[in-house]
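# Understanding the architecture of this molecule
Here is how the chains run, residue by residue.
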Amino acid sequence: MKSNGDELSLSVQNLENTNEITIVQAIGELKKSGKDAIPVLVEALKEEGSLRNIAAAVLGEFGEDAGEAAEELSYLLKSHAEDTRMAAAISLMRIGKPSLPFVIKIAQESEGQSSFWASWCIAWIDPSCIEPKMYECLKREHEHPSGMVAPFAAEEALGKLIAFKLKDTED
């Protein structure tokens, strides 16, 4: 008889499968497992390649319940792989407020794409936390794109900041 931990580990391993149906089933099984799946997914963040990226993406599906994963996910913002940074950023944004201390720290202490994706998260989670350095980082990416996706993400984040400022002046 398999334990719940064994079943969760198997579901995580199935995330790396090349068959989309198997991947979707594995994600469904992990979501059904609820918070029990979070530690197993956090462990998968230590892997390389697609398994790490999919585990990062699935953690975001849990929203604030995955707050315990925010610190580990935030380390992925420092990855050299753009797809890893994006997967982590999207999940951190979906986790929301529990992510803020970690993404703020990275935005303050890092440069380049790490700072950009952390700033992007902050703009979505709580635009009032954006500092001038973070704003400049978003603006720089919008004006001088470093990749295919980041300039659009920068535009989104800058739009969130403008909307926040407009709402703030109305109140």
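Scroll up to find the structure this text is about.
First, a word on what this report is: a plain description of the structure on this page. Bear in mind the structure is a predicted one, so any value in this text is a computation, not a measurement.

### Concerning the packing of helix α3 (residues 37-44) against helix α4 (residues 50-60)
Axis separation between α3 and α4 bottoms out at 8 Å; the angle between their running directions is 145 degrees. The two elements α3 and α4 cross, and the hand of that crossing is left-handed. In contact with I38, L41, V42 and A44 of α3, α4 contributes L51, R52, A55, V58 and L59. Looking at side-chain class alone, the contact of α3 with α4 contains eight nonpolar, no polar and one charged residues.

### Here we look at the pattern of salt bridges
Under the defined criterion, the tally for this structure stands at five salt bridges. Here E111 ties to K133 by a salt bridge, and the two come within 3.7 Å at their closest N and O atoms. Taken together, the positions of E111 in the loop between α7 (100-109) and α8 (112-125) and K133 in helix α9 (residues 132-143) put the pair 22 residues apart, joining distant regions of the chain. Since its relative accessible area comes to 32%, K133 is described here as partly exposed.

### As for the nonpolar core
With 48 residues, the main nonpolar core has L59, L73, L77, W117 and L138 as its most contacted residues. Every element with two or more residues in this core is listed here: α3, α4, α5 (70-75), α6 (82-95), α7, α8, α9 and α10 (150-170). Broken down by element, the residue count for this core peaks at eight residues, all from α8. When neighbours within four sequence positions are excluded, W117 is seen to be in contact with L77, R85, M86, A89, V149, A150 and A153.

### Topic: the layout of surface pockets
The computed volume of the largest pocket comes to approximately 190 Å³. Surrounding the largest pocket, 14 residues form its lining, I130, Y135, L161, I162 and K165 being those nearest its centre. Of all the secondary-structure elements, those providing two or more residues to the lining of the largest pocket are α9 and α10. Residue composition of the lining of the largest pocket, grouped by class: eight nonpolar, two polar and four charged.

About the thresholds
Residues numbered from 1 in each chain as written. Predicted model: local features only at pLDDT ≥ 70, side-chain atom pairs only at ≥ 80, totals over all residues. Heavy atoms only, no water. Axes fitted to C-alpha atoms, helices over the stretch in contact; angles between N-to-C directions. Helix = DSSP H or I, 4+ residues; strand = E, 2+ residues; numbered from the N terminus. Left-handed = near helix turned anticlockwise from the far one by under 90°. Contact = heavy atoms within 4.5 Å. Nonpolar A, V, L, I, M, F, W, Y, C, P; charged D, E, K, R; others polar. Salt bridge = Lys/Arg side-chain N within 4 Å of Asp/Glu carboxyl O. Buried < 20%, exposed > 50% of the residue type's maximum accessible area, 1.4 Å probe, protein only. Core = buried A, V, L, I, M, F, W, Y, C linked by side-chain atoms within 4.5 Å. 1 Å grid on protein atoms, 1.4 Å probe; cavity = no way out; pocket = protein on both sides within 12 Å on 5 of 7 lines; lining within 4 Å. Points joined across faces, edges and corners; volume = space filled by probe spheres on them.

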